[in-house]
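As a plain string of letters, each chain reads:
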Amino acid sequence: MLELSSAVVVYCVLVAAVFLALWLWYDRRDHRRFELERRKTTFHCIRCGALYSAPPGSEMSPCPKCGHANARLKF
Ligand SMILES: [Zn+2]
């Protein structure tokens, strides 16, 4: 009887560890996707006022409407 209850405890701990690992993994993945999304859509043309997006990592990007090179917006 004692062996059975300790087996149940070990099983519960294992299930909890799996759920914790899954939660951490999803949390990290969502955070990374959010960071990528946030970095992608941060260009605003100071000449014509157009809003546009560029691939993440680029500091300068030309405006698709007037061609003016704009710096990345920082929030
Ligand atoms: Zn422009």
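Engineer: Before we go on, may I ask you to explain the pattern of salt bridges in this structure?
Structural biologist: If the charged atoms of two oppositely charged side chains come close together, the side chains can form a pair. Taken as a whole, this structure holds two salt bridges when the rule is applied. Ionic pairing is found between arginine 33 and aspartate 30, a salt bridge with its closest N-O pair at 3.9 Å. Of this pair, arginine 33 and aspartate 30 both sit in helix α1 (residues 2-40), three residues apart, which is roughly one turn of that helix. We classify aspartate 30 as partly exposed; its relative accessible area is 40%. Residues glutamate 59 and arginine 72 are paired through a salt bridge, measuring 3.2 Å at the closest nitrogen-oxygen approach. One end of the pair, glutamate 59, is in the loop between β2 (51-52) and β3 (60-62); the other, arginine 72, is in the segment after β4 (69-71), and 13 residues separate them in sequence. We classify glutamate 59 as partly exposed; its relative accessible area is 42%.

Engineer: How should the coordination of the zinc ion be read in this particular structure?
Structural biologist: The coordination sphere of the zinc ion contains the protein donors Cys45 (SG), Cys48 (SG), Cys63 (SG) and Cys66 (SG), at a distance range of 2.2 to 2.3 Å. Mapped onto the polypeptide sequence, the residues donating to the zinc ion form the spacing pattern C-x2-C-x14-C-x2-C. Of the two residues, cysteine 45 is situated in the loop between β1 (43-44) and β2 and cysteine 66 in the loop between β3 and β4; the sequence distance between them amounts to 21 residues. On the basis of relative accessibility, which here comes to 30%, the residue cysteine 66 falls in the partly exposed class.

Engineer: Can you help me understand the packing of aromatic side chains in this one?
Structural biologist: Given two aromatic rings, one states the distance between the centres and the angle between the planes to describe the pair. Evaluated as defined, the whole model comprises two aromatic pairs. Ring geometry for tryptophan 25 and tyrosine 26: centres 5.2 Å apart, planes at 75°, overall edge-to-face. Each ring, one from phenylalanine 43 and one from tyrosine 52, has its centre 5.6 Å from the other, and the planes form 15°; the classification is stacked. Across the pair, exposure class does not vary: phenylalanine 43 and tyrosine 52 are buried alike.

What counts, and at which threshold
- Residues numbered from 1 in each chain as written.
- Predicted model: local features only at pLDDT ≥ 70, side-chain atom pairs only at ≥ 80, totals over all residues.
- Heavy atoms only, no water.
- Salt bridge = Lys/Arg side-chain N within 4 Å of Asp/Glu carboxyl O.
- Helix = DSSP H or I, 4+ residues; strand = E, 2+ residues; numbered from the N terminus.
- Buried < 20%, exposed > 50% of the residue type's maximum accessible area, 1.4 Å probe, protein only.
- Donors = N, O, S within 2.8 Å, 3.2 Å for Na, K, Ca; no water.
- Phe/Tyr/Trp six-rings, centres within 6.5 Å; stacked < 30°, edge-to-face > 60°.

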